[in-house]
Amino acid sequence: MIFGYEPAAVRVRAGLWLKPLDNLQLRSLMRFAPGSETFWEFSLSYQFAIKTEAAEPKIKIAAAESKKEPQPKKTPHVPPFATLVKWGLTPVEALRFAREKEICNLSAPAQAALKRHRWECRA
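First, a word on scope: everything that follows refers to the structure included in this document. (Residues numbered from 1 in each chain as written. Predicted model: local features only at pLDDT ≥ 70, side-chain atom pairs only at ≥ 80, totals over all residues. Heavy atoms only, no water.)

Take the overall build of the chain next. Scanning the chain from terminus to terminus reveals four helices and four strands. Each helix and strand of the chain, ordered N terminal to C terminal, gives the series β-β-β-β-α-α-α-α. By residue count, 15% of the 123 residues in the chain fall in the buried class. Long-range contacts, defined as pairs at least 24 residues apart, comprise 12% of the intrachain contacts of the chain with a sequence gap of at least 6. Surface exposure of the chain reaches about 10,700 Å², of which carbon and sulfur atoms provide 58%. (Helix = DSSP H or I, 4+ residues; strand = E, 2+ residues; numbered from the N terminus. Buried < 20%, exposed > 50% of the residue type's maximum accessible area, 1.4 Å probe, protein only. Contact = heavy atoms within 4.5 Å. Areas by Shrake-Rupley, 256 points an atom, 1.4 Å probe, with all protein chains shown as cover.)

Here it is in structure tokens:
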């Protein structure tokens, strides 16, 4: 329930608004000016909530369209230089692998050492 009064307006307005339900609204408004006509307004409004069956498929279609697109694979994180040397790579090959991040450019023994730790050439 709301009561209102606007004294700064050109015409004085006084009103009463009621909203007892979500869908129902009652309003009474009176406008008058000194030495002029007086208006009284009363309104009643009701909103019908009608479910439609067509709304459900649109929601399902929208959900189907908003599927995530596959993102490109990230390049795997190369282990630190010290770890590569510990795994059996020569310092030169460990440095090359740390910089280039490409296993296929390494020698066969280096690739075999990395393969034991689940790193392999996929070219």
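Having seen the model, we can carry on.
Before going further, it helps to examine the environment of Pro91. Here Pro91 lies in helix 3 (residues 91–100). Along the chain, Pro91 and Phe81 lie ten residues apart, while their C-alpha atoms are 8.0 Å from each other. Apart from residues no more than four positions distant in its own chain, Pro91 is found in contact with Phe81 and Val85.

Scanning all chains against the criterion turns up two aromatic pairs. Centroid distance Tyr46 to Phe48: 5.0 Å. Interplanar angle 75°. Geometry classified as edge-to-face. Both rings, one in Phe97 and one in Trp119, keep their centres 5.6 Å apart while their planes meet at 85°; by these two values the pair is edge-to-face. One end of the pair, Phe97, is in helix 3; the other, Trp119, is in the segment after helix 4 (108–115), and 22 residues separate them in sequence. On the basis of relative accessibility, which here comes to 1%, the residue Phe97 falls in the buried class. Owing to a relative accessible area of 15%, Trp119 belongs among the buried residues under this scheme. (Phe/Tyr/Trp six-rings, centres within 6.5 Å; stacked < 30°, edge-to-face > 60°.)

As a further point, take helix 3. Within helix 3, burial applies to Glu93, Ala94 and Phe97. Along the axis of helix 3, the buried positions cluster into a sector of 100°, meaning they face one direction only. Along helix 3, the residues that are exposed and aim more than 90 degrees away from the buried face are Val92 and Arg99. On the buried face of helix 3, the contacting elements are helix 2 (81–86) and helix 4. Where helix 3 ends, the next residue or the one after it, Lys101, has phi of about 60°, a positive value. (Arc of directions from axis to C-beta.)

Of note, the phi angle at Lys101 is positive, near 60°, even though the residue is not glycine. Relative to the helices and strands, Lys101 is located in the loop between helix 3 and helix 4. With relative accessibility at 48%, the residue Lys101 sits in the partly exposed group. In this structure, Arg118 is a non-glycine residue whose phi angle is positive, near 65°. Given the relative accessible area of 80%, Arg118 is considered exposed.

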